Amino acid sequence: MPRKRDEKLELVYTILCDDVRLEVGNKLSLMGVFQNIMVQQLPVSLIKFAVVNHWRGEGVYLSEVRILSPDRQHPIVVSQPTRFEIAPGGFADNISFFVNVTFPVAGRYWVQTLVDSMLFDEQPLVVTDARAFESTSNAVN
């Protein structure tokens, strides 16, 4: 179970998407937002995707994101640790980009956010084989 390390830091949201762009006015544009991955065949490789964490609070931190296999035993991908700073009453966005990530089997993967090397938050990412899903729904009908 994730534990909050610091009462001064709050993870407001985590968004998974295909790409992120920084626009005029310091706005983020998120393309292809998703919460699950449904594909025609496994294994599947995603050419590029991003994990966006939006933080509120204050202080200086080191963040990293990792995605674990359904059994939580194997990292599928791990980001480089990234330093971010939040002024009192402020916020920060931390974006981790991943390229050529392979999900070998269907299942519930775990997107974990670490702060200063401690688990801060985790969310499920369900990877589904559409053909298996369709055959299961057809069996029910």
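Here, residues in each chain are numbered from 1, in the same order as that chain's written sequence. Restriction of local features to residues with pLDDT of at least 70 applies here, the model being predicted, together with a cutoff of 80 or more for giving and counting side-chain atom pairs; totals for whole chains, interfaces and linings are based on all residues. Only hydrogens and water are set aside when side-chain values are computed; all heavy atoms of the structure are taken into account.

### Points about the overall build of the chain
Here is the rule: We count a stretch as a helix when DSSP gives it H or I for four or more residues in a row; a strand needs E for two or more, and each element gets its number in order from the N terminus. Contacts between residues were defined by any pair of non-hydrogen atoms, one from each residue, lying within 4.5 Å. The Shrake-Rupley method, run with a 1.4 Å probe sphere, supplies the accessible areas, and residue values consider only the shown protein chains as cover.
Helix and strand counts for the chain come out as 1 helix and 9 strands. Going from the N terminus to the C terminus, the chain shows its helices and strands as β-β-β-β-β-β-β-β-β-α. Relative to all contacts within the chain whose residues are 6 or more apart in sequence, the contacts with residues 24 or more apart total 67%. Looking at the chain as shown, the accessible area adds up to about 8500 Å², and 52% of this sits on carbon and sulfur atoms.

### Some words on a nonpolar patch on the surface
Which entries qualify depends on this criterion: Exposure above 30% relative accessible area and the absence of a salt bridge qualify a residue for a patch, where like charges join within 9 Å and nonpolar side chains (Val, Leu, Ile, Met, Phe, Trp, Tyr) within 5 Å. Each salt bridge in this description consists of a side-chain nitrogen of Lys or Arg and a carboxyl oxygen of Asp or Glu lying within 4 Å of one another.
On the surface, Leu22, Leu28, Leu30 and Val33 cluster together into a nonpolar patch covering about 340 Å² of accessible area. Here Leu30 shows up in strand β3 (residues 27–31).

### With respect to the pattern of salt bridges
Here is the rule we go by: The rule is simple: take the accessible area with a 1.4 Å probe, protein chains only, and divide by the maximum for that residue type; under 20% is buried, over 50% is exposed, in between is partly exposed.
Counted by the stated rule, this structure contains 4 salt bridges. A salt bridge links Glu122 to Arg72, with the nearest nitrogen and oxygen atoms 2.8 Å apart. Taken together, the residues span a long stretch of sequence, with Glu122 in strand β9 (residues 118–129) and Arg72 in the loop between β5 (44–68) and β6 (75–78) at a distance of 50 residues. Close ionic contact of Arg83 with Glu85 constitutes a salt bridge, the shortest N to O distance being 3.5 Å. The class of Glu85 is exposed, set by a relative accessible area of 51%.

### Brief notes about the environment of Ile76
By the element assignment, Ile76 lies in strand β6. Each C-alpha atom of the pair Ile76 and Thr102 lies 7.4 Å from the other, and the pair is 26 residues apart in sequence. Dropping the residues within four chain positions of it, Ile76 is found in contact with Ile67, Leu68, Ser69, Val101, Thr102, Pro104 and Tyr109.

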